[in-house]
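A structural walkthrough
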Protein chains: 2
Amino acid sequence: MKIFIVGLGLMGSSYAEKLHDVGHDVFGYDIQKDAILKGREEGYIAFDSDLSKLMTSDLIILALYANDNIEFIRTHQHLFKSNALLTDISGVKHTVVNQIEAILRPDVDFVSHHPMAGRAKKGFQSKDKTMFIQSNAILIQTKRGKEYNYALLSNLLIDLGFKRVITMTPEAHDQAIAYTSQLTHAIASSLMNGLDEVTVGTTGDSFKELTRIANINETLWTNLFLENKELLVDAMESFQAQLEQLKQAIIHNDEKNIQDILKKGRIKRESFEKNT
Amino acid sequence: MKIFIVGLGLMGSSYAEKLHDVGHDVFGYDIQKDAILKGREEGYIAFDSDLSKLMTSDLIILALYANDNIEFIRTHQHLFKSNALLTDISGVKHTVVNQIEAILRPDVDFVSHHPMAGRAKKGFQSKDKTMFIQSNAILIQTKRGKEYNYALLSNLLIDLGFKRVITMTPEAHDQAIAYTSQLTHAIASSLMNGLDEVTVGTTGDSFKELTRIANINETLWTNLFLENKELLVDAMESFQAQLEQLKQAIIHNDEKNIQDILKKGRIKRESFEKNT
């Protein structure tokens, strides 16, 4: 299949290299010419990548920041092949999906998706084609998505290495992600920022683990936070209420209540381990 | 050296097996006879372990819950060898160290320590002699600790596999641990408890990582939380203030402020990675 990837950052480049490996013709585009040159040099991006290749591509993957994806469609969709499939990898869906559905040419199909994988580092120089192995991917239901295109995209994600592909509405996706992904990044960053001074040698695995994702691309995540603002604030408040409840139990020496809270967390975590 | 380990749970058994491996004579005691029997069967605990072996042991390691350690000293210190070294592995130090110093026979030396390593599971059946590899250990300054006994214990910890042994006062230890260990466990538990429902397939690495330690021994950690109550509540409030500040920036669409907060966290985390 001819696949055109827009945006050769960490994610776009990793898609490009792996999709090339499994036998597709991959074209890539980025305003940073370095990324294209490097991709050509290493062989995973076709030598003659340029925007005219949109005209013959069966699948277009948008891997820019959400607003730039919309802008790319506005500016270049006259080049899209009729009946091509468009997809995007943005981390927040309800706004992006609505906007794309509103402006996209009617003869181009659209199925959104979200790869639940990432790395702390950014840019094509950090690409890693093994990044998707054992990860989850979410297909996002759209108004126009044709059934065979959900199947096509799902198979492609399995080829990339994802272990499970599930389908959700944009709204259900954004609610789940607010808690399991955006809140966790907000916590990691706050935990790191609240540390007065790092005393070398006093940290165990737990602090290292809980702050790994504080190493964040702040531009990307600020966008994601603001795009999903209401649901993220709800998620933060739900977590804040839990932590405050535990703190109050500690303040009041309520041994029984602390044990119950910790036990509930342990049981939920054990069940989570079994089910994921 | 003859080493007597009191309490053959996860930690005590792991110490026993590894110390046996590096050539010490290890005696072990536990009110659960299963643990001793199993240790004898597998060969890492001397066959004739019983409390009378305290009389010839050069090092006594207390690996019970903090209050049980105190009780063990009260009841059995008449059996301790004169000039033996006593140590304990409790997770909170200022109260325990004070209590031990107040009651311990004057002819027995005492240096406390804290192994910054652990596992989610408990009990001797979960023992793992590789647990300490690449971890940090903290030696705790006591009033009576003789210099050569700090050296002895430090060398023993390096033999166990720890990569770094640092020395702190009980108070400095408890303040550091409140933030980097107890707060992180409180966060993991609260994060797990605040999740309404686990939608299989919607979680990425971050949620898994931040909740791993919610799989907790709730009896042990309730004790640890209450023993270090004031410092832990301070740590929780310091973290709560950071998270609230980020939430307010999100609520007010303050893009610049959100970026600054995330950037600060990223830079602190990068520096932490370099220094630990």
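An account of the accompanying structure is given in this report. Counting restarts for each chain, with residues numbered from 1 along the sequence as it is written. Chains and ligands are labelled by the order in which they are written, letters from A for the one and numbers from 1 for the other. Since the coordinates come from a predicted model, pLDDT governs what is reported: local features require at least 70, and pairs of side-chain atoms require 80 or more to be given and counted, while whole-chain, interface and lining totals use all residues. The side-chain figures draw on all heavy atoms in the structure; neither hydrogens nor water molecules are used.

**A look at the packing of aromatic side chains**
Residue and element names in this part refer to chain A. Each Phe, Tyr or Trp ring, with Trp reduced to its six-membered ring, pairs with another whose centre is within 6.5 Å; inter-plane angles below 30 degrees give stacked pairs, above 60 give edge-to-face pairs, and intermediate values give tilted ones. What the rule picks out here adds up to 13 aromatic pairs over all chains. Aromatic side chains Phe132 and Phe162 sit 5.1 Å apart centroid to centroid with 35° between the ring planes, which places their arrangement in the tilted category. Pair noted here: Phe132 is in the loop between β6 (112–116) and β7 (136–140) and Phe162 is in the loop between α5 (147–160) and β8 (164–168), with a separation of 30 residues, a long-range link. The same class applies to Phe132 and to Phe162, which are both buried. Helix and strand assignments come from DSSP, with helices taken as H or I runs of at least 4 residues and strands as E runs of at least 2, each series counted from the N terminus. Three exposure classes are used, based on accessible area relative to the maximum for each residue type with a 1.4 Å probe and protein chains only: buried under 20%, partly exposed in between, and exposed over 50%.

**Comments concerning the sheet that holds strand β3 (residues 59–62) of chain B**
Residue and element names in this part refer to chain B. Paired strands, as defined in this entry, are two strands with at least two bridges between them according to DSSP. Here 5 strands make up an open sheet; going across it, the order is β2-β1-β3-β4-β5 and the pairing parallel. Only two strands of the sheet have a single partner each, and these edge strands are β2 (25–29) and β5 (109–110). Relative to β5, strand β4 (residues 85–88) is paired through 2 bridges, and the arrangement is parallel. Within β5, the position partnered with Leu85 by the bridge is Asp109. Any two residues whose heavy atoms approach within 4.5 Å at even a single point are treated as in contact. Under this scheme, a helix contributes an axis fitted over its contacting stretch, all axes are lines through C-alpha atoms, and angles between N-to-C directions fall in the 0 to 180 degree range. Its contacts with the sheet place helix α3 (residues 66–76) against β1 (2–6), β2, β3 and β4, and it is angled at close to 140° to β3.

**Points about the sheet that holds strand β5 (residues 109–110) of chain A**
For sheets, the rule is that strands pair by backbone hydrogen bonds, running either parallel or antiparallel. All names here are of chain A. Spatial ordering of the open sheet is given by β2-β1-β3-β4-β5, a layout of 5 strands whose pairing is parallel. Each edge of the open sheet carries a strand with a single partner, namely β2 (25–29) and β5. Bridging between strand β3 (residues 59–62) and strand β4 (residues 85–88) involves 4 bridges; their strand directions are parallel. Of the residues in β4, the one forming a bridge with Ile60 is Leu86. Seen against the sheet, helix α3 (residues 66–76) touches β1 (2–6), β2, β3 and β4 and runs at an angle of roughly 140° to β3.

**Some words on the relation of the copies chain B and chain A**
Residues reaching a pLDDT of at least 70 in both copies supply the C-alpha atoms on which the copies are superposed by least squares. At an RMSD of 0.1 Å, chain B and chain A line up after a rotation of 180° and a shift of 0.0 Å along the axis. Seen this way, the second copy is the image of the first under a two-fold rotation axis. Closest approach to the rotation axis within chain B is made by the C-alpha atom of Leu210(B), at a distance of 2.6 Å.

**Things to note about the interface of chain B and chain A**
Listed as interface residues are 81 residues of chain B and, on the opposing side, 81 residues of chain A. In this assembly, chain B packs against chain A so that about 8200 Å² is buried in total across both faces, 62% of it on carbon and sulfur atoms. Think of a salt bridge as a Lys or Arg side-chain nitrogen and an Asp or Glu carboxyl oxygen that are within 4 Å of each other. On the surface where chain B and chain A come into contact, there are 6 salt bridges. For Glu209(B), the salt bridge identified is with Arg212(A), shortest N-O distance 2.7 Å. Here a polar contact is taken to be a pair of N or O atoms separated by no more than 3.5 Å, where protein atoms must pair a possible hydrogen donor with a possible acceptor and residues adjacent in sequence count only if both atoms sit in side chains. Counting the contacts that link chain B with chain A gives 40 residue pairs in polar contact (both at pLDDT 80 or more). Residues were grouped as follows: Ala, Val, Leu, Ile, Met, Phe, Trp, Tyr, Cys and Pro as nonpolar; Asp, Glu, Lys and Arg as charged; and all remaining residues, including Gly, as polar. Here the residues of the side of chain B that touches chain A are counted per class, giving 35 nonpolar, 28 polar and 18 charged. Accessible area that two parts lose when put together, evaluated with a 1.4 Å probe and summed over both, is termed the buried area.

**Observations regarding the pairing of strand β6 (residues 112–116) of chain B**
Residue and element names in this part refer to chain B. Across the 5 residues that make up β6, a large majority, 5, are buried. Across the two faces of β6 the burial is the same, with Ser112, His114 and Met116 and His113 and Pro115 all buried. Of the pairings in the sheet, the one linking β6 to strand β7 (residues 136–140) comprises 5 bridges and is antiparallel in character. When the sheet's bridge partners are listed, Met116 is paired in β7 with Asn136.

**Here's the deal with unusual backbone geometry**
Peptide bonds are mostly trans, and most non-glycine residues show a negative phi. All names here are of chain A. Even without being glycine, Asn253 reaches a positive phi, approximately 50°. Relative to the helices and strands, Asn253 resides in the loop between α9 (229–251) and α10 (255–275). Relative accessible area serves as the criterion here: at 47%, Asn253 is assigned to the partly exposed category.

**Regarding α3(B)**
Residues and elements named next belong to chain B. Every buried residue of α3 is listed here: Ala66, Asn69, Ile70, Phe72, Ile73 and His76. For α3, the arc enclosing every buried residue in end-on projection is 160°, short of the 170-degree limit, so these residues lie on one face. On the buried face of α3, the contacting elements are β1, β2, β3, β4, α4 (94–103) and α8 (218–227). Here the arc refers to the directions that run from the helix axis out to each C-beta atom.

**Focus: the nonpolar core**
One finds Phe225(A), Phe239(A), Phe225(B) and Phe239(B) to be the most contacted residues of the largest nonpolar core, which totals 62 residues. When near neighbours in sequence (up to four residues on either side) are disregarded, Phe239(B) contacts Ile187(A), Ser190(A), Leu191(A), Phe239(A), Leu243(A), Tyr179(B), Leu183(B) and Ile187(B). The nonpolar core is taken to be a set of buried Ala, Val, Leu, Ile, Met, Phe, Trp, Tyr and Cys residues, with the residues joined through side-chain atoms within 4.5 Å.

**Side note on the environment of Arg266(B)**
With respect to the secondary-structure elements, Arg266(B) resides in helix α10 (residues 255–275). Overall, the relative accessible area of 18% leaves Arg266(B) in the buried class. With residues up to four places along the chain from it excluded, the contact list for Arg266(B) reads Ala214(A), Asn215(A), Ile216(A) and Glu218(A).

**Re the packing of helix α6 (residues 170–193) of chain A against helix α9 (residues 229–251) of chain B**
Following both chains from N to C, one finds α6(A) and α9(B) inclined at 130°, their axes separated by 8 Å at the closest point. What the angle tells us is that α6(A) and α9(B) run oblique. Note that α6(A) runs across α9(B); the crossing there is right-handed. The segment α6(A) lies against α9(B), with Ala186(A), Ile187(A), Ser190(A), Leu191(A) and Asn193(A) engaging Phe239(B), Gln242(B), Leu243(B) and Leu246(B). Looking at the contact of α6(A) with α9(B) residue by residue, the class counts come to 6 nonpolar, 3 polar and no charged. Oblique is the label for any angle not under 35 degrees, not over 145, and not in the 65 to 115 range, which are roughly parallel, roughly antiparallel and roughly perpendicular in turn. Helix crossings fall into two classes, left-handed where the near helix is turned counterclockwise from the far one by less than a right angle and right-handed where it is turned clockwise.

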